[in-house]
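# Coordinate inspection notes
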Amino acid sequence: MRFLAIFALVATVWNGSAWAQTLSQVDSAHSGVITQAIAKPAESGAAGEANLVLPDLSTVSFMGMDGHSLLMIGLIFCALGLLFGLSILRRLRNMPVHRSMREVSELIYETCKTYLITQGKFLAVLWIFIAIIMGLYFGVLAPTPGHPVAQTVTIILLFSIVGVLGSYGVAWFGIRVNTYANSRTAFAGLGGKPYPIYAIPLQSGMSVGMMLISVELLIMLFILLFVPGYYAGPCFIGFAIGESLGAAALRIAGGIFTKIADIGSDLMKIVFKIKEDDARNPGVIADCTGDNAGDSVGPSADGFETYGVTGVALITFILLGVHDSTIQVQLLVWIFAMRVMMLVSSSGAYFLNGIIAKARYANSDNMNFETPLTSLVWYTSIISIGLTYLVSYFMIPVLGGDTTLWWKLSTIISCGTLAGAVIPELVKVFTSVNSAHVKEVVSSSREGGASLNILSGLVAGNFSAYWIGISMVILMAIGYFVSMNGLGIMLPGTTTPLMLAPAVFAFGLIAFGFLGMGPVTIAVDSYGPVTDNAQSVYELSLIETIPGIEQELKRDFNVDVNFERAKHLLEENDGAGNTFKASAKPVLIGTAVVGATTMIFSIIMALTNGLTTNLENLSMLHAPFLLGLVTGGSIIYWFTGASIQAVTTGAYRAVEFIKANIKLEGVEKASVEDSKKVVEICTKYAQKGMFNIFLTVFFATLAFAFVDPFFFIGYLISIAIFGLYQAIFMANAGGAWDNAKK
């Protein structure tokens, strides 16, 4: 839970012992990738993100237009992105679908809606708790100099609500789009052609991706363009805390929910020897709800937070690490121009890939569903990199008197953008239905049963963590090398560097580059839950058993149905969905960790007065630092254990209820009441697990910040490293097991 860093720094400031003078330069840090706890000395003696003042963007011209006017054009692109998302929503809603499938998808939506409403109430309680802490910190412990306390605290609280509602809103939009798309995809399978089954989930995913990025960018541009510069800091910090809180709750609870539902549903096919999506199993609807809660709601909210706080991190670094106001404006406008290009490159690649895929597969009877998804990712990456260099050349041809920085900055961002394409390729090696590792899981299961199945999955997960980790190290190292050859140059005629700690900025840009194909990353991630749900919707609709259904489909929809062919195509597409769902997760994980690295370096800069003092404490020979490293790793394993325990506890209750209430004789499908009861059980235990994790990590982080500042640095470093590999390992081991079933 990345937003907890702010409260850790509250504790370090409050503690104020022998190192209080050093920490007086640090007022706030927050939300992993957003936090830049470098504080620029102010006249009052302290400064932090809430004290930041934006420069006047209209003071610098770009291609004959001042910065403020140029970014105003970005609002048009945001509006177009919103219209893109809404138009696809309307198109999906109006697509043909049989009533039996529409009824199932609407039931899934109703249960998802109940889940989201319950989560919304839970979020409101968490926000009140966090709001009290924010009020105490910004109102009592670290008020913003020169501004009325009540006004500053009110702004921070209001924008934290905007952040929470942003995460919550895009999650809700994703649920609505996906529950339209799942039944339409299932119905499209009846036609026996693979292309529509591929195109509908991708349209749904692009709708979510474009809406998410457009809303995020719109809010941040509003702060930049319309909020007075001296209030921008409180706006950004409030917004970042809010979206991080929303993402933390929805991501963790959603992940627990979906695994509880998975076990509750899947175990029944073994216990009662029924098929996977048997309509008589009341756990199947909960499983479909869980697909959306864990693989749509969670990633949507998490993506919204990740894209937002990475931008805030870079804004903060630019304002604190760059002292020349002209260069500040150049970099700020350039960063947001790159964000607008993210929308352009993703939509352009989507339309280009759509034309090629339609020409190639529209009339085909067979297709590899992974092929057009892979080409979409690569087209987006290539177009994004090309636009990065092109826009940079025209916007910042000269920066600080240097005519080479435009391509150096572009190269650093491109390292991250390239990672967005390379990492999915590595993930496919371990999770694709055609990969050797997945086939190994299958053969191991046939010969050695559950024991070898588990071991083979662990092998895939561990190897994937190694290769993805190494690829990230290589790309970060390239960014570091480039940053050390230009970003730290002295400004002409001065002894002032262009920026402090250029490597920190480089890592932030790499995290930013990870997001350079944001809408497409979200799209391929959302592809998975739609294809998974589509298969379930088909089975739950019992469409094959409806009297005269072949004639009805021919009469009303002009469809010559082949039920076995439809089931085969939906199953095959579900495998591709699982693969790309798994491939998107490491990209978001990597963004968070690279951004966390930026945060940690920033705090180090503050604690060492710009790497001039206390450097000996950043050593294994300094006991608190070493103990922090050990402690951070232990917390990751506690977190893993706590989340799995929450799943096992909830799954036990779900299985208990399903076994007691499942009816296999004399009924065609489970009752709606029983299905909703399983959803209620999953929601209850997901929230219990999330709340326990929240409280423990929250207070542990506060407590560790009191111990020693360099203990805390070691703790953060360890959490970032252990968390990276544990998350990738678990995501890809799960992906390998999931596709082995196919």
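Residues numbered from 1 in each chain as written. Predicted model: local features only at pLDDT ≥ 70, side-chain atom pairs only at ≥ 80, totals over all residues. Heavy atoms only, no water.

In terms of helices and strands, the protein chain carries 19 helices and 2 strands. Computed over its C-alpha atoms, the radius of gyration of the protein chain comes to 26 Å, within 12% of the 27 Å expected for a compact globule of 742 residues. With the C-alpha coordinates of the protein chain rotated into their principal frame, the extents come out at 85 × 55 × 50 Å. Looking at the protein chain as a whole, 63% of its 742 residues are labelled buried. The long-range share in the protein chain, meaning contacts at least 24 apart out of those at least 6 apart in sequence, stands at 84%. For the protein chain, the computed accessible surface area is about 26200 Å², with 65% contributed by carbon and sulfur atoms. Taken together, the 41 basic and 48 acidic charged side chains of the protein chain have centroids lying 6 Å from each other. (Helix = DSSP H or I, 4+ residues; strand = E, 2+ residues; numbered from the N terminus. Rg over C-alpha atoms; globule rule 2.2 N^0.38 Å. Buried < 20%, exposed > 50% of the residue type's maximum accessible area, 1.4 Å probe, protein only. Contact = heavy atoms within 4.5 Å. Areas by Shrake-Rupley, 256 points an atom, 1.4 Å probe, with all protein chains shown as cover. Lys, Arg positive; Asp, Glu negative; His and termini not counted. Charge placed at Lys NZ, Arg CZ, Asp CG, Glu CD.)

On average, residues of the protein chain score 86 in pLDDT, and 92% of them reach the 70 mark or higher. Within the model, the stretch residues 1-47 combines pLDDT values under 50 with 143 contacts to residues more than four positions away or in other chains. (pLDDT = per-residue confidence, 0-100.)

A few words on the packing of helix α3 (residues 67-93) against helix α5 (residues 149-188). The N-to-C vectors of α3 and α5 enclose an angle of 35°; their axes lie 9 Å apart at closest approach. The chirality of how α3 crosses α5 is left-handed. Residues Gly85, Leu86, Leu89, Leu92 and Arg93 of α3 touch α5, and the partners they reach there are Phe173, Arg176, Val177, Tyr180, Ala181 and Arg184. (Axes fitted to C-alpha atoms, helices over the stretch in contact; angles between N-to-C directions. Left-handed = near helix turned anticlockwise from the far one by under 90°.)

Core analysis: the largest hydrophobic core is formed by 234 residues, its most contacted members being Leu190 and Tyr198. Among the elements that take part in this core, helix α6 (residues 194-226) stands out by supplying 19 residues, more than any other. The next biggest cluster of nonpolar side chains, apart from the first, holds 5 residues, and it includes Val441, Ala460, Ala736 and Ala740. (Core = buried A, V, L, I, M, F, W, Y, C linked by side-chain atoms within 4.5 Å.)

Turning to a nonpolar patch on the surface, a few remarks are in order. Side chains of Val459, Phe463, Tyr466, Trp467, Ile470, Ile474 and Ile478 sit close together on the surface and give an oily, nonpolar patch of about 630 Å² of accessible area. Here Trp467 is to be found in helix α12 (residues 436-483). Using a relative accessible area of 45% as the deciding quantity, one classes Trp467 as partly exposed. (Patch = residues over 30% accessible without salt bridge, like charges linked within 9 Å, V, L, I, M, F, W, Y side chains within 5 Å. Salt bridge = Lys/Arg side-chain N within 4 Å of Asp/Glu carboxyl O.)

A word on the pattern of salt bridges. Applying the stated criterion across every chain, the model contains 15 salt bridges. Note that Glu110 and Lys113 form a salt bridge whose closest N and O atoms lie 3.4 Å from each other. Within this pair, Glu110 and its partner Lys113 are both found in helix α4 (residues 99-141), separated by 3 residues, close to a single helical turn. Under the relative-accessibility criterion, Lys113 is labelled partly exposed at 26%. The partner of Lys193 in a salt bridge is Asp365, and the shortest N-O contact between them spans 2.7 Å.

Attention now moves to the packing of aromatic side chains. Two measures describe an aromatic ring pair: the distance that separates the ring centres and the angle between the ring planes. Under the defined criterion, the tally for this structure stands at 24 aromatic pairs. Between Phe694 and Phe698, the ring centres sit 5.7 Å apart and the planes meet at 25°, which makes this aromatic pair stacked. Within this pair, Phe694 and its partner Phe698 are both found in helix α18 (residues 672-707), separated by 4 residues, close to a single helical turn. Phe698 shares its class with Phe694; the two are buried. Connected via pairs of aromatic rings, a cluster forms that spans Phe129, Phe694, Phe698 and Phe699. A cation sits over an aromatic face here: Arg176 above Tyr109, 3.7 Å from the ring centre. The aromatic ring of Tyr180 is capped on one face by Arg176, whose charged end is 3.8 Å from the ring centroid. (Phe/Tyr/Trp six-rings, centres within 6.5 Å; stacked < 30°, edge-to-face > 60°. Lys NZ or Arg CZ within 6 Å of the ring centre and 35° of its normal.)

Another point: unusual backbone geometry. In this structure, Lys273 takes a positive phi of about 55° despite not being glycine. Within the secondary structure, Lys273 sits in the loop between α7 (232-271) and α8 (283-321). On the basis of relative accessibility, which here comes to 72%, the residue Lys273 falls in the exposed class. With phi around 55°, Asn558 is a residue other than glycine that occupies positive phi space. On the secondary structure map, Asn558 appears in the loop between α15 (549-557) and α16 (563-607).

Mapped onto the fold, Phe512 is located in helix α13 (residues 502-514). When near neighbours in sequence (up to four residues on either side) are disregarded, Phe512 contacts Thr310, Leu314, Ile335, Met338, Arg339 and Ile413.

On to the packing of α5 against helix α14 (residues 518-541). Interaxial distance between α5 and α14 falls to 8 Å at its minimum, and their mutual angle equals 55°. By the angle between their axes, α5 is oblique relative to α14. The crossing of α5 and α14 is right-handed. Mapping the contact onto sequence places Asn178, Ala181, Asn182, Ser183, Thr185 and Ala186 in α5 and Ser526, Pro529, Val530, Asn533, Ala534, Val537 and Tyr538 in α14. The residue makeup of the contact of α5 with α14, split by class, is 7 nonpolar, 6 polar and no charged. (Parallel < 35°, antiparallel > 145°, perpendicular 65-115°, else oblique. Nonpolar A, V, L, I, M, F, W, Y, C, P; charged D, E, K, R; others polar.)

This part covers the side chain of Gln726. Looking at the secondary structure, you find Gln726 in helix α19 (residues 709-740). Take Gln726: its relative accessible area is 13%, and that puts it in the buried class. In terms of polar contacts, Gln726 uses its side chain to reach the side chain of Thr640, at 3.1 Å. Contacts of Gln726, omitting those with residues within four sequence positions, involve Ile636, Tyr637 and Thr640. (Polar contact = N/O pair within 3.5 Å; in protein donor to acceptor, adjacent residues only side chain to side chain.)

Residues spaced three or four apart along an α-helix face the same direction, because each turn holds 3.6 residues. With 24 residues, α14 should reach 34 Å at 1.5 Å per residue; the first-to-last C-alpha distance of 34 Å fits that figure. Judged by how many residues are buried, α14 sits mostly within the fold: 24 of 24 residues are covered. Downstream of α14 by a residue or two, Leu542 has a phi angle that is positive, lying close to 55°. (Expected span 1.5 Å × (residues − 1).)

Moving on to the environment of Val524. As for its placement among the helices and strands, Val524 is situated in helix α14. For the pair Val524 and Gly254, spaced 270 residues apart in the sequence, the C-alpha separation amounts to 18 Å.

Turning to the side chain of Ser456, a few remarks are in order. Mapped onto the elements of the fold, Ser456 is located in helix α12. With relative accessibility at 5%, the residue Ser456 sits in the buried group. Side-chain polar atoms of Ser456 contact the side chain of Ser444, separated by 2.7 Å. Setting aside chain neighbours within four positions, we find Ser456 in contact with Glu440, Val441 and Ser444.

Moving on, we come to the state of the cysteines. Here the structure, examined in full by the defined rule, presents 0 disulfides. Cys682 carries a free sulfur, and the closest cysteine sulfur to it, the one in Cys112, is 12 Å from it. (Disulfide = S-S within 2.5 Å.)

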